[in-house]
Amino acid sequence: MLGVSTASPDNRPAAGQAPNAPAPALVKRAFSGIQPTADSLHLGNYLGALKQWVALQDDYDCVYSVVDLHALTVSPEPEALRRRVRATAAQFLAAGVDPDKSILFVQSQVPQHAQLTWLLNCLTGFGEAGRMTQFKDKSTKLGSQGVTVGLFDYPVLMAADILLYDAQVVPVGEDQRQHLELSRTLAERLNSRFGEGTAQVPEALIVKATAKIHDLQEPAAKMSKTGHPAGIIELLDPPEVIVKRIKSAVTDSGTEVRWNPEEQPGLANLLGIYAALTGQSVEAIVAAYEGKMYGHLKQDLAQIVVEALAPFRERTALYLADPAQLDAILSSGAQRAEQIAATVYGRMAERFGLGPELPPA
Ligand code: AMP
Ligand code: TRP
């Protein structure tokens, strides 16, 4: 559920807990990021990624980033970018990312991300980067005039993000699977070129049931900021908008509630959202709606989403009402992130032959 954080709303560390205590070395590390490209995250971001981020915090040493350098690939207005960086961070916190447990930071505040990207650029094939389907889709839409080198290089920057923290797991939605494969390939290449132990090979953590939340108007497509405006539920949408979007969701032909993702993808998407937000199984939900119509399901689901998001909206507003506190959380996160990133970058740069050799460990 949304808002499961154990952090106090003002983020003071609990008694006896040092906010900057180093994580025990044996705990596995998780890394993930979301781009600040909208004022609100959407339900796909939450169910596909953020929900897993929050759940991982008890068992992993987690590092989560607002990846503003990635957002530059869509040429945002500077003021909008600045606002969205804070808005995105506030939503991570409101969803339950706890800065006393996890490192939360803004990518551009840790310079090693751009530095490691250059090293990885020099190990990445031009054709290899050109095969990324997200790049191919975006560049087809933009046309050759609109495509930047930054957009082409986006997956290499993402690999740098992950490898800089020696992350073992990367919680993401299905659309990032191919990018994760490239990160793994680059880690393996670093190890075979410069010796084992140069890079940690990361694993994607993709939860099947929520890996792809679909657009409510075009169930074949993923829910996305750039999709159909009525096909998306933004986490900060007011209740009346949520109700309207769910009630007008495309639900295929038929009236009976069944689980048939092939023939009834629109209905299956609603059932998937219902199950993810309530913790019930799809079978139990289908059984509960036996003899009832789509309309009943939509009405109940609208209520479930509204209720799940209300505390989230309130918490986001509280964090946004205190930008100084938010900035303090982010700057402490950046310092903690940089401590790890500088060590890992140093290790890698040295193996490439940059700078003096490090004394033996
Ligand atoms: P982005 O907004 O592209 O930075 O995506 C942030 C995270 O949300 C990534 O882990 C994506 O894989 C995930 N994500 C985005 N859209 C969806 C969706 N429709 N369903 C599931 N996960 C998604
Ligand atoms: N490319 C990811 C997306 O669009 C965002 C991202 C950037 C990311 N760096 C990352 C995700 C590192 C996981 C790990 O969703």
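All figures in this text were calculated on a predicted structure; none of them were measured in a lab.

Brief notes about the pattern of salt bridges
- Per the stated rule, a full pass over the model turns up 13 salt bridges.
- Among the salt bridges present, the one from aspartate 327 reaches arginine 86, with a minimum N-O distance of 2.7 Å. With aspartate 327 in helix α13 (residues 323-352) and arginine 86 in helix α3 (residues 78-95), this residue pair connects regions lying 241 residues apart in the sequence.
- Salt bridges sharing partners connect three or more residues here, namely Asp39, Arg83 and Arg84.

Focus on helix α7 (residues 149-163)
- Its 15 residues place the ends of α7 21 Å apart at the C-alpha level, agreeing with the 21 Å of an ideal helix rising 1.5 Å per residue.
- Maximal helix bending in α7 amounts to about 40°, located at proline 155.
- Extensive coverage of α7 is indicated by the burial of 13 of its 15 residues.

Quick look at unusual backbone geometry
- Backbone geometry places aspartate 166, a non-glycine residue, at a positive phi of 50°.
- Its location among the elements puts aspartate 166 in the loop between α7 and β4 (169-171).
- Phi is positive for aspartate 252, which is not a glycine, with a value near 60°.
- Residue placement: aspartate 252 occurs in the loop between α9 (239-247) and α10 (265-278).

Quick notes on the site of ligand 2
- What surrounds ligand 2 is a group of 13 residues, the closest being Gln35, Tyr154, Met158, Asp161 and Gln176.
- Aspartate 161 places a side-chain nitrogen or oxygen 2.6 Å from a nitrogen atom of ligand 2.
- Side-chain polar atom of glutamine 176 to a nitrogen atom of ligand 2: 3.1 Å apart, as the coordinates give it.
- Elements with a minimum of two residues in the shell around ligand 2: β1 (29-34) and α7.
- It is α7 that contributes the most residues to the shell around ligand 2, four residues altogether.

Some points on the site of ligand 1
- Gly173, Asp175, Ile213, Met223 and Lys225 are the nearest of the 18 residues found near ligand 1.
- Within the backbone of glycine 44, one N or O atom sits 3.1 Å away from a nitrogen atom of ligand 1.
- The contact in question runs from a nitrogen atom of ligand 1 to an N or O atom on the backbone of methionine 223, over 2.9 Å.
- Relative to its unbound accessible surface of 490 Å², ligand 1 loses 93% to contact with the protein.
- At four residues, helix α1 (residues 43-56) tops the list of elements feeding residues into the shell around ligand 1.
- Among the residues making up the shell around ligand 1, the classes are represented as six nonpolar, eight polar and four charged.

Details of the side chain of asparagine 269
- Here asparagine 269 is to be found in helix α10.
- Setting aside its immediate chain neighbours within four residues, asparagine 269 contacts Ile213, His214, Asp215 and Leu216.

Focus: the side chain of aspartate 215
- Secondary-structure assignment places aspartate 215 in the loop between β5 (203-205) and α9.
- Within the buried core, aspartate 215 has no salt-bridge partner, and the shortest N-O distance to an opposite charge, that of arginine 245, equals 9.2 Å.
- Within the structure, aspartate 215 has its side chain in polar contact with the backbone nitrogen of glutamate 218 (distance 2.9 Å).
- The residues touching aspartate 215, leaving out its near neighbours within four places in the chain, are Ala221, Lys222, Met223, Gly227, His228, Gly231 and Asn269.

Observations concerning the domain arrangement of the protein chain
- Under the domain assignment, the protein chain is made up of domain 1 (2-211 + 323-352) and domain 2 (237-318).
- Each partner contributes residues to the interface: domain 1 has twelve residues there, and domain 2 has eight residues.
- Across the domain 1/domain 2 interface, buried area totals approximately 1,000 Å², and carbon plus sulfur atoms make up 73% of it.
- Inspection of the region where domain 1 meets domain 2 yields zero salt bridges.
- Between the two partners, domain 1 and domain 2, sit two residue pairs in polar contact (both at pLDDT 80 or more).
- Counting residues per element, the ones that place at least two in the side of domain 1 that touches domain 2 are α1 and α3.
- Ranked by residues supplied to the side of domain 1 that touches domain 2, first place goes to α3 with five residues.

Parameters and conventions
Residues numbered from 1 in each chain as written. Chains lettered and ligands numbered in written order. Predicted model: local features only at pLDDT ≥ 70, side-chain atom pairs only at ≥ 80, totals over all residues. Heavy atoms only, no water. Salt bridge = Lys/Arg side-chain N within 4 Å of Asp/Glu carboxyl O. Helix = DSSP H or I, 4+ residues; strand = E, 2+ residues; numbered from the N terminus. Expected span 1.5 Å × (residues − 1). Bend = angle between axes of the 7 residues up to and from the residue. Buried < 20%, exposed > 50% of the residue type's maximum accessible area, 1.4 Å probe, protein only. Near = heavy atom within 4 Å. Polar contact = N/O pair within 3.5 Å; in protein donor to acceptor, adjacent residues only side chain to side chain. Areas by Shrake-Rupley, 256 points an atom, 1.4 Å probe, with all protein chains shown as cover. Nonpolar A, V, L, I, M, F, W, Y, C, P; charged D, E, K, R; others polar. Contact = heavy atoms within 4.5 Å. Lys, Arg positive; Asp, Glu negative; His and termini not counted. Domains from an automatic or database assignment. Buried area = accessible area lost by both parts, 1.4 Å probe.

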